[in-house]
Amino acid sequence: MPLTGLQIFKLLPNTNCRKCGYPTCLAFAMKLAAGRESLEKCPDASPEARAALGAASAPPIRGVTIGRGERAVTVGEETVFFRHEKTFVRRPGLFRILDPRGLSAAECGALLNDWLGVSIARAGETFRVDGVAIVEAPGAPEAASAAARRGFPVAVLAATPEGAASIAEPIKDQRPLIVPPAGAAPAAYFALAARLGVPLVVAGADLAGLASAAAAASSAGVGDILLEPPGADLRSLHHSLSAIRRGALDRVHPGLGHPVFLRAGRGEFEKAVLGITKFASVLAIEDHGGETWLPLWTLRQNIYTDPQKPLQMEPGVYPLGEPDSRSPLLMTTNFSLTYFIVSTEVEASGVAAHLAVVDAEGLSVLTAWSAGKLSGDRVAKSLRQTGAVDRVSHRTLIIPGYASPISGELEDAMGDGWRVIVGPQEASDIAPFFRDVWEPMRAR
Ligand code: SF4
């Protein structure tokens, strides 16, 4: 359990020496309790205090990484039951099930290349296939190696310990996840995962059995564990998923402090939805195509977006249509919703344009200006840094109507003969603005 401020205070030297930057040990303890400071700032903290605080601040759910490199999937380390309490830390990894039965090596390779090519941008996130779950079958070792070579994290949906070894051992350096079949005797899988040093899924007939299985795997030398929850139907699965998270957060049993694995077979779309909404960390999903994935990715994005951080676009210059140096240059802020509304209206107008997105800490135009995040100097600096000023020859910048108070200072900050034109307040008026203001101005 996390320590309270007063409990932490009792562990500190209580000399009020101020070396940590705070006037008293109590003030520092309160910041530590809120997770806003590190004990490293107190040079006089005793080893006992460090040990106690270290244990208390460890996340109640262990982190586990599957795969290596840029596409590796790390899960766990969650600290809350409800997102609004703080935030969810690790979004679940969605693994696509590959059954190599009936497929040649070339067909498997082509399928993996297709999955590798999936890249769908939505609201500042790129959806892609997070990993591949290989079914133990003839051709599975080759398919797993082919997936690992492409950078995919791999889960091995085993049927036998020997089969799991033949698939996982050649790619053990890529940290594949071994998933035993339902009801399997666990000892051989414990030994395999411990020998290869890879993560393992454990299961149990009920929550007590699951926690005991995790503890037994840990005792057998398995370092990284995922829990497959019991649940014959959606109702009991829902209960298991919630109870595991609650039990982990309350630290009622060390065996529950691990991420959760779930498999959703063909037609079990609701199970996948339940897993995403109720704390599953890795889902192996059998599917028929993109129509399965788009709603799942979108659901995951909505749940795992940090409510304390606005969705943001990367600052830069975005071409809308095929603009050239005579096309209009518009400016907006990097709040994702603002960007999508403006870009949609520009595209609907049929006028190709450059849209310069300025860093305003993810705030909309009016909010950013009100909060002092949208000054003339800041916008001018951003337009130069992103190269927006080099995209057009007419030296005219169109700013949103809500940013009109900065038009004068922005024009001064831009210098070099730049003109700043105040555009419409509402994005829906962009097309009439192009027609009635921009085109006549350009024709002159
Ligand atoms: S550095 Fe340590 S002993 Fe000094 S005031 Fe801060 S918490 Fe207290």
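A. View of the overall build of the chain. Helix and strand content of the chain: 16 helices and 17 strands. Across its three principal directions, the C-alpha atoms of the chain cover 80 × 70 × 40 Å. Split into buried and exposed, the 444 residues of the chain put 47% on the buried side. Long-range contacts, defined as pairs at least 24 residues apart, comprise 62% of the intrachain contacts of the chain with a sequence gap of at least 6. In the form shown here, the chain has an accessible surface area of approximately 20600 Å², with 53% of it arising from carbon and sulfur atoms. Computing the positive centroid from 44 side-chain charges and the negative centroid from 46, the chain places the two 5 Å apart.

B. Just the domain arrangement of the chain, in detail. Structurally, the chain comprises domain 1 (5-57), domain 2 (64-304) and domain 3 (316-443). The C-alpha centroid of domain 3 is placed 44 Å from the C-alpha centroid of domain 2.

C. Quick look at the environment of Pro180. Tracing the backbone shows Pro180 in the loop between strand S8 (177-179) and helix H7 (187-196). Classification of Pro180 by relative accessible area gives buried; the value is 11%. Spatially, the C-alpha atoms of Pro180 and Ser145 are 19 Å apart, while their sequence positions differ by 35 residues. Beyond its immediate stretch of four places on either side in the chain, Pro180 contacts Ala158, Tyr189, Leu200, Val201 and Arg263.

D. Structural detail: the environment of Tyr189. The residue Tyr189 is located in helix H7 in this model. According to the relative accessible area criterion, Tyr189 is buried, its value standing at 2%. Each C-alpha atom, one on Tyr189 and one on Pro161, is 6.0 Å from the other, the two residues being 28 residues apart in sequence. Non-local contacts of Tyr189, meaning those with residues more than four positions away in its chain, are made with Ala158, Ala159, Thr160, Pro161, Ala164, Ile178, Pro180, Pro181, Ala184 and Leu200.

E. Quick look at the site of the ligand. Around the ligand, the structure places Pro13, Thr15, Asn16, Cys17, Arg18, Lys19, Cys20, Cys25, Phe28 and Cys42. Across the shell around the ligand, the residue classes break down as 6 nonpolar, 2 polar and 2 charged.

F. Geometry of unusual backbone geometry. Positive phi, close to 50 degrees, is recorded for Asn16, a residue that is not glycine. Within the fold, Asn16 resides in the loop between helix H1 (5-11) and helix H2 (25-33). For Asn16, a relative accessible area of 35% gives the class partly exposed. With phi around 50 degrees, Asp416 is a residue other than glycine that occupies positive phi space.

What counts, and at which threshold
Residues numbered from 1 in each chain as written. Predicted model: local features only at pLDDT ≥ 70, side-chain atom pairs only at ≥ 80, totals over all residues. Heavy atoms only, no water. Helix = DSSP H or I, 4+ residues; strand = E, 2+ residues; numbered from the N terminus. Buried < 20%, exposed > 50% of the residue type's maximum accessible area, 1.4 Å probe, protein only. Contact = heavy atoms within 4.5 Å. Areas by Shrake-Rupley, 256 points an atom, 1.4 Å probe, with all protein chains shown as cover. Lys, Arg positive; Asp, Glu negative; His and termini not counted. Charge placed at Lys NZ, Arg CZ, Asp CG, Glu CD. Domains from an automatic or database assignment. Near = heavy atom within 4 Å. Nonpolar A, V, L, I, M, F, W, Y, C, P; charged D, E, K, R; others polar.

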